[in-house]
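Inside the fold
One letter stands for each residue in the lines below.
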Amino acid sequence: MSTLTEISAGKTKREVIEQAVIRFAGDSGDGMQVTGSQFTNTVALYGNDIATFPDYPAEIRAPAGTVPGVSGFQLNFSSGEVHTPGDSVDVLIAMNPAALMVNIADLKPNGILIVNADSFKENDLRKARLTTNPMEDHSLDKFRVFPVELQRLTRAALQHLGLDAKAMDRCKNFFALGMCYWLYNRSMEPTVRWIEDKFKKKPLFVEANQLALKAGYSYCEATEAFQISYEIPPAQLSPGLYRSLSGNQALALGFVTAAQKAGLRLFLGSYPITPASDILHELSHYKEFGVLTFQAEDEIAAITSTIGASYAGALAITTTSGPGMALKTEALGLAVMTELPLVICDVQRGGPSTGLPTKTEQADLLQALFGRNSEAPIPVLAAASPADCFWIAVEASRIALKYMVPVIVLTDGYLANGAEPWRIPTLDEIPGIPVKFATDPVDFQPYRRNPDTLARPWAIPGTRGLEHRIGGLEKQDVTGNINYEPLNHENMVRIRAAKVQAVVQDVPNVLPSGDAEGDLLIVSWGSTFGAITQAVKGQREKGRKIGHLHLRYLNPLPANLGDILKRYKRVLVPELNMGQLLWVLRAKYLVNAVGLNKIQGRPFKQTELDQKIEEMLGL
Amino acid sequence: MTTTALPPLTKKDFQTDQEVRWCPGCGDYAILSAVQSVFPELGVPRENFVVVSGIGCSSRFPYYMNTFGFHSIHGRAPAVASGIKIAHPELEVWVATGDGDALAIGGNHTIHMLRRNVGIKVLLFNNRIYGLTKGQYSPTSEFHKITKSTPYGSPDRPFNPVSLAIGAEATFVARSVDIFQAHLKDTLKAAASHRGSAFVEILQNCNIFNDGAWTGITEKDARSEQVLQLEHGKPLVFGKNRDRGIRRKPDGDIEVVQIGSGISESDLIVHDAHHPRPSYAFLLSHMEGRPGFPTPIGVLRAWDDLPRYEDVINEQVQDVIQKKGPGDLAKLLRAGDTWEVK
């Protein structure tokens, strides 16, 4: 936290700073995700740039007070540009010893540590497998520690309401949130409104949570516990109207937008899977836009119903994560063969198999590119940030409809749950999506192609005179009749490949940020965009000649990519996998690129990127 | 949309120019012919028919029907068809499937489509064998059956397709036989007139890999002796001399009784296909394999009071539009807490 100015605020000091990272950590039942989201919403509304990192266990309620049950929510907010949730934190709120132990390593020296003092009894320590009490053993001496009896104080504030102890204790996260609002000098108003809306059917809970929130704020004011509070002025984002958006929300909005732009009904076939389910939840709300959501019996029915809906003329999409993607494989081939437009979203998570359901990873790239029997190319797009998920959804839909192909969208757990400010576009800023159904029965042929896009006509059932049959068997070009002849098969395989390659017309040439040529080019894709952008910025400020290329189109790759790779002495490809894009670039461009690979279910830290960059620069 | 009256459709309108590639003598020819005869009589414009299939001999069906057709992948036809029907409820969607396609690899989709009551008609061609892969046992093959993959006899207990459909609470369940053409056409028409999910098991012979699959009911005299033809409102009577029937036992089970010697038709169960609960139909469906019991054909269950899935889902949309007004995209994008940067 770099100090800019100090202003007086009563007896306590108020310091104006540029940026801060705060992390809420507690049991998965402590409401840390809600607390973090509320703080995020409030600072975003105030105008700070933000990046968030919710990190929660796969278990809904692991045993209370234990290390596996710890859930965390980290927020980086700033008056400047923010690209990542931050490597280390300025403020840590730890609701119990387990949360403290899991997170303390990330707290900066002299950082603020707020702990729930009521949860450091012998039994609590044993559940966290601690032999000594960290509040007493001097292990926290390098931090500014604020033990607060969150449970006792919350109960005291709520005792007149007649709630039982358990219900009162469930409000203590709002007490902690109130303290944080005081610490960063933020209005409680957005959260007060949110509580009102959230518990509108339970007025007693509205009162209890609001009281706890205000009690936390007043506690700081009355006790002057912190001695100091902070002020982070609004960021200078480009002008416009903003809202905070998570990647999953952004995808949902993007698909509704694409359907409206195309004048089609949106159909989602989906089976619940972490971390993609929120897209299904979001879209199931948008019925006034004619959105049809179908919670299928399994992943296979999710995609095959989507293929059916596409055949019947809807903008049809399916959403899943890696294990579901694996189940959809055969149906993806059917969509390739029948040349129907649909969008498949893979919100990647740690694998293989069930893997790390709630953690992030980028290891489905090769599955997206190649994971089907035989020659079955599919265009693949990847979102770079939570808000970019909106634009990727629109673009994937546009390409699917223009070329009559299935399109795969890759995001990941980090993008899905992370949030950032999104400048709300006007409708004119969103590309139009022209769609034309075939209607003319004269000389109709189901596989006659548009010469530019190689798209076949979209001839939907119910159109008189266009009766025809399609399916997974190899077919003759133009007529679409079943055909097993050797040369026809080769011709069709090549046409399907050429069609996907033709999408390159819609892939913009890429321009590296930073140096246009030089010592090192970093090539990235997906959710690593923020971390790498920040690292490159830092390195270039030190005078190093580095370019950064971030790919949103993974198939086909931008036409000028090969040329750009040649302009740098060395090429680095950081990925949260074992080197999948690296493999593609080396194979396709014969470039001696090097990987930086992390497979821990977590995003890159700046230090990890800096170290590798400096190693490659021979520093 | 044109309003010009078109000449009435005929069987020929539903035939395609594609060469039919089933083995000569296959029961599928008879089913194809029956469907092509029934479709023109349904009062549905040809372009509104969609025939969807999975994989297997039966699943070649769409290529031979001059309608919209979709030959999908193994077992998934009910799911593809559900997507079509939900997105476009006015279409008349039929699924052609087999015992392997619908009950083995696609069992999950079959039961869930039926449970949801999606307005799709399913024709299950049951030949009790895997034909297209040349002769392995299927989920309907008899216990101990010797096949290519079970040289010492099948260890599997078979499914009874109509029991399964009734167990999934399908609202229309019927059975017919490939060579009983008149009965088959009547059954298809009954299925077509049902608004919800309709499941029709068609007993079909595979003269290459399982010849005589159903001779127990199709050979001379067997039809009258071994088959119980169900008719709504009529007592359960069978036999060449119509001298046997089905009676309810005091314990709730059923028994076969000889009419005469103190037992008359009035003691027999009167077939009620429209009963809202599936338990009676399930009891009927379980007669085969019991010594002395006949095989029931016809409509076991036709209860059409349940709303169709596609109607429920589309009505939800309409209700919300009525309540909130049609969606306004600009407003949606600006929803929630927003802030302005100048």
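Residues numbered from 1 in each chain as written. Chains lettered and ligands numbered in written order. Predicted model: local features only at pLDDT ≥ 70, side-chain atom pairs only at ≥ 80, totals over all residues.

**Concerning the overall build of chain B**
Heads up, the rule is: By the criteria applied, helices consist of DSSP H or I runs no shorter than four residues and strands consist of E runs no shorter than two, each listed in order from the N terminus. Exposure classes come from backbone-placed C-beta atoms, where a residue is buried if 20 or more other C-beta atoms lie within 10 Å of its own, exposed if 12 or fewer do, and partly exposed in between. We call two residues in contact if the C-beta atoms placed from their backbones are at most 7 Å apart.
Each helix and strand in chain B was counted, giving 11 helices and 12 strands. Across its three principal axes, chain B shows a C-alpha extent of roughly 95 × 50 × 50 Å. Across the 342 residues that make up chain B, the buried fraction comes to 45%. A sequence separation of at least 24 residues applies to 66% of the contacts in chain B between residues at least 6 apart.

**Section: the overall build of chain A**
Convention followed: Here the radius of gyration uses the C-alpha set of atoms, whereas the globule reference equals 2.2 Å times the residue count to the power 0.38.
When its secondary structure is counted, chain A shows 20 helices and 24 strands. Taking 2.2 N^0.38 as the reference for a compact globule, 619 residues should give roughly 25 Å; the C-alpha atoms of chain A span a radius of gyration of 27 Å, in line with that estimate. Oriented by its inertia axes, the alpha-carbon framework of chain A measures out at about 85 × 60 × 45 Å. A burial count over chain A gives 55% of its 619 residues as buried. Taking as baseline every contact in chain A between residues at least 6 positions apart, the subset at least 24 positions apart corresponds to 75%.

**A look at the interface of chain B and chain A**
Stated precisely, the cut-off is as follows: When residues are grouped by polarity, Ala, Val, Leu, Ile, Met, Phe, Trp, Tyr, Cys and Pro land in nonpolar, Asp, Glu, Lys and Arg in charged, and all others, Gly among them, in polar. When DSSP locates at least two bridges between a pair of strands, those strands are taken to pair.
Chain B puts 51 residues into the contact, and the matching count from chain A is 57 residues. When residues of the side of chain B that touches chain A are traced back to their parent elements, those giving at least two are strand 2 (68–71), helix 2 (77–87), helix 4 (107–116), helix 10 (309–324), helix 11 (329–333) and strand 12 (338–341) of chain B. The dominant element in the side of chain B that touches chain A, judged by the number of residues it contributes, is helix 2 of chain B, at 8 residues. In terms of residue class, the side of chain B that touches chain A is made up of 25 nonpolar, 17 polar and 9 charged. Relative to strand 2 of chain B, strand 18 (residues 469–471) of chain A is paired through 3 bridges, and the arrangement is parallel. For A:Arg469, the partnering residue across the bridge sits in strand 2 of chain B and is B:Gly69.

**Let's talk about the pairing of strand 6 (residues 198–203) of chain B**
Residues and elements named next belong to chain B. For clarity, the cut-off: Here the term right-handed applies to a crossover when the path leading from its first strand over the helix to its second strand runs clockwise, the strands being oriented away from the viewer.
In terms of burial, strand 6 is a largely internal element, 6 of the 6 residues being buried. Every second residue of strand 6 is oriented toward a common face, with Ala 198, Val 200 and Ile 202 on one face and Phe 199, Glu 201 and Leu 203 on the other, all of them buried. Sheet topology places strand 5 (residues 172–177) next to strand 6; 6 bridges connect them, and they run parallel. Counted as the bridge partner of Val 177 is Leu 203 from strand 6. Handedness of the crossover joining strand 5 and strand 6 through helix 6 (residues 181–193) is recorded here as right-handed.

**Regarding the sheet that holds strand 4 (residues 49–55) of chain A**
Residue and element names in this part refer to chain A. Quick reminder of the rule: Convention adopted: a line fitted to C-alpha atoms gives each axis, helices being fitted over their contacting stretch, and angles between N-to-C directions are expressed from 0 to 180 degrees.
An order of 4-5-3-6-7-8 is seen for the 6 strands of this open sheet, with the pairing classed as mixed. Of all the strands in the sheet, the pair left with one neighbour each is strand 4 and strand 8 (144–148). Recorded for the sheet is a direction-independent mean angle of 15 degrees between the axes of neighbouring strands. The pairing of strand 3 (residues 19–27) with strand 6 (residues 89–94) spans 4 bridges and is parallel. Paired with Ala 25 across the two strands is Ala 94, which belongs to strand 6. Strands in contact with helix 1 (residues 32–46) are strand 3, strand 4 and strand 5 (70–78); relative to strand 5, the strand with the most contacts, it is inclined by about 10 degrees.

**Regarding the domain arrangement of chain A**
All names here are of chain A. The condition is simple: Note that the domain bounds reflect an automated or database-derived domain assignment.
Partitioning chain A into structural domains gives domain 1 (3–231), domain 2 (243–429) and domain 3 (513–616). One C-alpha centre belongs to domain 2, the other to domain 3, and the line joining them spans 26 Å. The interface of domain 2 with domain 3 comprises 22 residues on the first partner and 20 residues on the second. Counting residues per element, the ones that place at least two in the side of domain 2 that touches domain 3 are helix 13 (365–370), strand 15 (380–382), strand 16 (406–412) and helix 15 (413–417). Grouping the amino acids of the side of domain 2 that touches domain 3 by side-chain chemistry returns 15 nonpolar, 4 polar and 3 charged.

**A short note on the packing of helix 4 (residues 150–158) of chain A against helix 6 (residues 172–183) of chain A**
For any two helices packed against each other, one specifies the inter-axial angle together with the distance between the axes. All names here are of chain A. We count it as follows: If an angle is under 35 degrees, it is roughly parallel; if it is over 145, roughly antiparallel; if it lies from 65 to 115, roughly perpendicular; otherwise it is oblique.
As a packed pair, helix 4 and helix 6 sit with axes 9 Å apart at the nearest point and diverge in direction by 100 degrees. It follows from the interaxial angle that helix 4 and helix 6 lie roughly perpendicular. Contacts from Leu 150, Gln 151, Leu 153 and Thr 154 of helix 4 reach helix 6 at Lys 172, Phe 175 and Ala 176. Within the contact of helix 4 with helix 6, the residues separate by chemical class into 4 nonpolar, 2 polar and 1 charged.

**Topic: the environment of A:Asp563**
Within the fold, A:Asp563 resides in helix 18 (residues 561–565). Along the backbone, A:Asp563 and A:Asn173 are 390 residues apart, and their C-alpha atoms lie at a distance of 54 Å.

**Looking at the environment of A:Ser246**
Residue and element names in this part refer to chain A. Among the secondary structure elements, Ser 246 is positioned in strand 10 (residues 240–246). Its 24 C-beta neighbours within 10 Å are what place Ser 246 among the buried residues. Along the chain, Ser 246 and Ile 17 lie 229 residues apart, while their C-alpha atoms are 26 Å from each other. Apart from residues lying up to four places away in sequence, Ser 246 is in contact with Pro 386, Ala 416, Asn 417, Gly 418 and Ala 419.

**Description of the sheet that holds strand 1 (residues 49–53) of chain B**
In space, the 9 strands of this open sheet follow the order 18(A)-2(B)-1(B)-3(B)-4(B)-6(B)-5(B)-11(B)-7(B), with mixed pairing throughout. Each edge of the open sheet carries a strand with a single partner, namely strand 18 of chain A together with strand 7 (227–229) of chain B. Sheet twist, expressed as the average angle between the axes of neighbouring strands with direction ignored, equals 20 degrees. Summarising the sheet, strand 4 (residues 120–126) of chain B and strand 6 of chain B pair through 6 bridges and their orientation is parallel. Bridging across to strand 6 of chain B, B:Asn126 finds its partner in B:Leu203. Across the sheet, helix 6 of chain B lies against strand 4, strand 5, strand 6 and strand 11 (295–302) of chain B, angled at about 165 degrees from strand 5 of chain B, the strand it touches most.

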